[in-house]
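Below are the chains, spelled out letter by letter.
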Amino acid sequence: MTDSSTIKHPHIQHYTDGTASVMRKAVVYTELRFYQRSDVLYQLTQVFCRRYLPQYGDRTVDQMVQAARSTKQNIAEGSTDGQTSTETELKLLGIARGSNKELQEDYLDYLKRKGMKEWFGQNKRFDDLHRFCKEHTAWEDYRLLTERMNDEELANMAICLCHQVDKAMTKYIERKDREFTMEGGIRERMTAARLGQRETQRQTIEQQAAEIDALRKENAHLKEMLKGLGVTV
């Protein structure tokens, strides 16, 4: 038998009139740094494919652009749907993470085909690139820089961003998973909201009853005072 005292209910928000809401607090996905980096990856991938891959007869272009778009769009959709369904949010974030991994593999395959290397470890170029990607999350910070970069540099920049997006998303998904485990889904929130609303109504009724009782006593006391002064009520 479950000890109800150990169950952690979700934090229920309220509208301005005091009505309980089953909606979770909205996530502004455009403020998520891994979303911002996914947008950079989408823009960068279009530049890379247009510049270094054949425009016809190679499905890689469509696959890479679609993987980059899928990452960005599923983060946006998942974060929005998370207001009502953590299950849907986790599913879409999982798809976004998978698309990001697919994109990373495409860039790694390009380097292998061209006999180029992935930058990592004790490498000044990698250190500088990693630092830049860590400090910048807006496409405008990358746009002019990409115009001066060759394919090896662009591919390594994209791979670095993919790693950073994956690391951040993994932690974010874990946090959302823990929230779901502790708080439950929409059904649990609906039950908690209804129970919370009933409790609020009960407290309001009790408060109003106490106020009415106090007014009755005060009225009776005033009548007694007036009677003692010889005033007929």
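What counts and how
- Residues numbered from 1 in each chain as written.
- Predicted model: local features only at pLDDT ≥ 70, side-chain atom pairs only at ≥ 80, totals over all residues.
- Heavy atoms only, no water.
- Axes fitted to C-alpha atoms, helices over the stretch in contact; angles between N-to-C directions.
- Helix = DSSP H or I, 4+ residues; strand = E, 2+ residues; numbered from the N terminus.
- Parallel < 35°, antiparallel > 145°, perpendicular 65-115°, else oblique.
- Left-handed = near helix turned anticlockwise from the far one by under 90°.
- Contact = heavy atoms within 4.5 Å.
- Nonpolar A, V, L, I, M, F, W, Y, C, P; charged D, E, K, R; others polar.
- Buried < 20%, exposed > 50% of the residue type's maximum accessible area, 1.4 Å probe, protein only.
- Arc of directions from axis to C-beta.
- 1 Å grid on protein atoms, 1.4 Å probe; cavity = no way out; pocket = protein on both sides within 12 Å on 5 of 7 lines; lining within 4 Å.
- Points joined across faces, edges and corners; volume = space filled by probe spheres on them.
- Core = buried A, V, L, I, M, F, W, Y, C linked by side-chain atoms within 4.5 Å.

Trainee: Please clarify how the packing of helix H1 (residues 33-52) against helix H3 (residues 86-113) should be interpreted in this entry.
Mentor: Relative placement of two packed helices is described by the angle separating their axes and the distance separating the axes. The contact between H1 and H3 brings their axes to 13 Å, and the two run at 30°. In terms of axis orientation, H1 runs roughly parallel to H3. Taken as a pair, H1 and H3 cross one another with a handedness that is left-handed. In this structure, H1 uses Leu41, Leu44, Thr45, Phe48 and Tyr52 to contact H3, whose residues at the interface are Asn100, Leu103, Tyr107 and Tyr110. Of the residues belonging to the contact of H1 with H3, the class tally is seven nonpolar, two polar and no charged.

Trainee: Where do I start with helix H5 (residues 139-146) in this structure?
Mentor: All of the buried residues in H5 are Trp139, Tyr142 and Thr146. The buried residues of H5 occupy an angular sector of 70° when the element is viewed end-on, so they sit on one face.

Trainee: Teacher, can you tell me more about the layout of surface pockets here?
Mentor: When its volume is computed, the second largest pocket comes out at roughly 200 Å³. The wall of the second largest pocket is formed by Arg33, Phe34, Arg37, His130, Lys134, Gln164, Lys167, Ala168 and Lys171. Secondary-structure elements contributing two or more residues to the lining of the second largest pocket are H1, helix H4 (124-135) and helix H6 (151-183). Here the lining of the second largest pocket takes four residues from H6, the largest share from any one element.

Trainee: What's the story with the nonpolar core in this structure? I'm lost.
Mentor: Among soluble globular proteins, nonpolar side chains are generally buried collectively. Of all hydrophobic cores here, the largest spans 44 residues; its most connected members are Leu44, Phe48, Leu103, Tyr107, Met157, Leu161 and Met169. Secondary structure elements with two or more residues in this core: H1, helix H2 (59-81), H3, H4, H5 and H6. Ranked by the residues each element gives to this core, the list is headed by H6, at twelve residues. Sequence-distant contacts of Leu44, defined by excluding residues within four places in its chain, comprise Tyr107, Trp139, Thr146, Leu154, Met157, Ala158 and Leu161.

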